[in-house]
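Descriptive analysis of the structure
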Amino acid sequence: MARNKGRDKPEINSSSMADIAFLLLIFFLVTTTIANDRGLSLQLPPNPEDIENIDIKIPERNLFKIQINSADRMLVEGEPFERDVKELREMIKEFVLNNGRDPESSDTPKEAIVSLKTDRGTSQEKYIEVLDEIQGAYYDMYAARIGVTNKQWRELASDLTDPENKRLYDEGRGLKDGQLEFPMNVSIAEPTKIGG
Amino acid sequence: MSKFKKKANTKQDIPTSALPDIIFMLLFFFMVTTVLREVTINVKQRIPDATQLRKLQRKSLVSYLYIGEPKKTDQWGSEPRVQANDVFIEPSDVILWVTTEKDKLNEVERDQITIAMKVDREAKRGLVADVELELRKANARKLLYTTLQEMDE
């Protein structure tokens, strides 16, 4: 071996690198999940035991009633609703922005209330679908009031530590003298016990 | 020429020296985009889609509730249950659970606790509403229904 002397540098066998990498990969695949921290944000009403005045007369015109039964069928303003749920968005916007024009529709956005009543047997899927459209209608209106898109409104509403975001958020909701001119009046009623 | 063909006796090995690099790339991807799971979810979770998604403001102020049909139906039945921190609880236990979760937080931040509810699409509104009632009594009113982003058609 006189010719090869000094030429072959001894190398560490790196064929097991792939095995080590596979092991680590399988470990991470098994022990981790892709985090999901997004969803529909909601503020629940106060403790029912704390509410003092129960009887507040709300005129029928200021109430937009949506009802879902245990078979996930809907009644909107008393009429069966067989159309695409997405059409609710325009209907709600029309209702809230009525400002007294149509005597059957709301007086002002401040007094307009969207009421969602479900049954104990209603599926979460249908409930979320309808809630999505209700929130969508309000977010669209807020976004239009300050000249941003729906997506931008949701982003700025999610980070109110930024003073500019807070200012836009309050402006969109019409905060004047501590009162909101355009509150998000969504009433989620206690589910009825009629269906399964 | 002989009657028998001479077979060529060469072998070509595909170089697999790039394999570890590919695996490492996959590994880094998973290390960066995932979170170590802390709770084993024992209920079926088929999360509904929605469009009006908002992000959680502060991850440290969130507590999770999982609602759905149990995965092990022979042991737990097929009625939707509520799971909090690895155990199944009844809606009546929710107030106690909320107090425990609030105790883990700073005094000042207790009121800003958000409850993230991961509800299966087939779970009934009745059970979810019972839990919501208990949350109202426990003064944990900030709620988030976890949903997936609906793909625009």
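What you see as residue numbers is a count from 1 along each chain, following the sequence as written. Chain letters and ligand numbers both follow the written order, the letters beginning at A and the numbers at 1. Whole-chain, interface and lining totals are the exception, using all residues; otherwise, since this is a predicted model, local features are given only for residues with pLDDT of at least 70 and side-chain atom pairs are given and counted only at 80 or more. Excluding hydrogens and water, the side-chain figures rest on all heavy atoms present in the structure.

1. Remarks on the overall build of chain B
Quick reminder of the rule: Each helix is a run of H or I in the DSSP string that is no shorter than four residues. Each strand is a run of E no shorter than two, and both are numbered from the N terminus. All radius of gyration figures rest on C-alpha atoms, and the globule criterion is 2.2 Å times the number of residues raised to 0.38. Any residue under 20% of the maximum accessible area for its type is buried, any over 50% is exposed, and the rest in between are partly exposed; the area is computed with a 1.4 Å probe on protein chains only. A contact between two residues is defined here by any heavy atoms of the two lying within 4.5 Å. In short, Shrake-Rupley with a 1.4 Å probe defines the accessible areas, and a residue's cover is counted only from the protein chains shown. Positive charges come from Lys and Arg alone, negative charges from Asp and Glu alone, with His and the N- and C-terminal ends not counted. Here the site of a charge means NZ on Lys, CZ on Arg, CG on Asp, or CD on Glu.
Scanning chain B from terminus to terminus reveals 4 helices and 9 strands. Computed over the C-alpha atoms, the radius of gyration of chain B is 26 Å, more than 25% above the 15 Å expected from 2.2 N^0.38 for a compact globule of 153 residues. C-alpha atoms of chain B, sized along the principal axes, occupy 100 × 40 × 35 Å. In chain B, which comprises 153 residues, the proportion classed as buried is 41%. Sequence-distant contacts, at least 24 apart, represent 72% of the contacts inside chain B between residues at least 6 apart. If you sum the accessible surface of chain B, you get close to 9900 Å²; carbon and sulfur atoms cover 53% of it. Across chain B, 26 positive and 23 negative side-chain charges occur, with their mean positions spaced 10 Å apart.

2. Points about the environment of Val148 of chain A
All names here are of chain A. Structurally, Val148 can be placed in the loop between α3 (124–146) and α4 (150–157). Along the chain, Val148 and Leu168 lie 20 residues apart, while their C-alpha atoms are 9.8 Å from each other. Ignoring any residue separated from it by four or fewer positions in sequence, one finds Val148 in contact with Ala143 and Trp153.

3. Quick look at the interface of chain A and chain B
Put simply, an interface is often sized by how much accessible area is lost when its parts join up. Filter applied, for reference: A 1.4 Å probe defines the accessible area here, and the buried area is the portion of it lost by two parts on being joined, summed over both. Note on definitions: salt bridges are taken to be side-chain nitrogens of Lys or Arg within 4 Å of carboxyl oxygens of Asp or Glu. Polar contact is the term for a pair of N or O atoms within 3.5 Å; when the atoms are in protein, one must be able to donate a hydrogen and the other to accept it, and sequence-neighboring residues count only if both atoms are side-chain atoms.
Tallying the contact residues gives 54 residues for chain A and 52 residues for chain B. Summing both partners gives a buried area of about 5100 Å² for chain A against chain B, and 57% of it is carried by carbon and sulfur. Linking chain A with chain B are 3 salt bridges. Note that Glu150 of chain B is salt-bridged to Lys86 of chain A, the shortest N-O span being 3.0 Å. Counting every contact that joins chain A to chain B gives 31 residue pairs in polar contact (both at pLDDT 80 or more).

4. So, the pairing of strand β3 (residues 63–68) of chain A
Here is the rule: What makes two strands pair is DSSP finding at least two bridges between them.
Direction of pairing for β3 of chain A relative to strand β6 (residues 113–119) of chain A: parallel, over a ladder of 5 bridges. Residue Leu63 of chain A lies in a different strand from β6 of chain A, and its bridge partner there is Ile113 of chain A.

5. Details of the pattern of salt bridges
Per the counting criterion, the structure on display carries 25 salt bridges over all chains. Ionic pairing is found between Asp170 of chain A and Arg173 of chain A, a salt bridge with its closest N-O pair at 3.4 Å. Judged by its relative accessible area of 14%, Asp170 of chain A is buried. The class for Arg173 of chain A is buried, based on a relative accessible area of 18%. When salt bridges with common partners are traced through the structure, they connect Lys86, Arg89, Glu90, Lys93, Glu133 and Asp140 of chain A together with Glu150 of chain B into a single cluster.

6. Comments concerning the packing of aromatic side chains
To describe a pair of aromatic rings, one takes the distance between the centres and the angle between the planes. What counts, and what does not: Each pair of aromatic rings taken from Phe, Tyr and Trp, with Trp reduced to its six-membered ring, is defined by centres within 6.5 Å and is described as stacked if the planes are under 30 degrees apart, edge-to-face if over 60, and tilted in the remaining cases. Throughout this description, the term charge over a ring refers to an Arg CZ or Lys NZ atom that lies within 6 Å of the ring centre and within 35 degrees of the ring normal.
Following the criterion strictly, the structure yields 11 aromatic pairs over all chains and no others. Look at Phe64 of chain A and Phe95 of chain A: their rings are 5.2 Å apart centre to centre, the planes differ by 45°, and that puts the pair in the tilted class. Of this pair, Phe64 of chain A sits in strand β3 while Phe95 of chain A sits in helix α2 (residues 87–96), and the two are 31 residues apart along the sequence. For the pair Phe64 of chain A and Phe95 of chain A, a shared accessibility class is recorded, and that class is buried. Ring geometry for Tyr127 of chain A versus Tyr145 of chain B: centroids 5.7 Å apart, planes at 85°, classification edge-to-face. Placement of Tyr127 of chain A in helix α3 and of Tyr145 of chain B in strand β8 (residues 142–146) is noted, with the two residues assigned to different chains. The same class applies to Tyr127 of chain A and to Tyr145 of chain B, which are both buried. If you follow Arg125 of chain B out to its NZ or CZ, it ends over the ring of Tyr127 of chain A, 3.8 Å from the centre.

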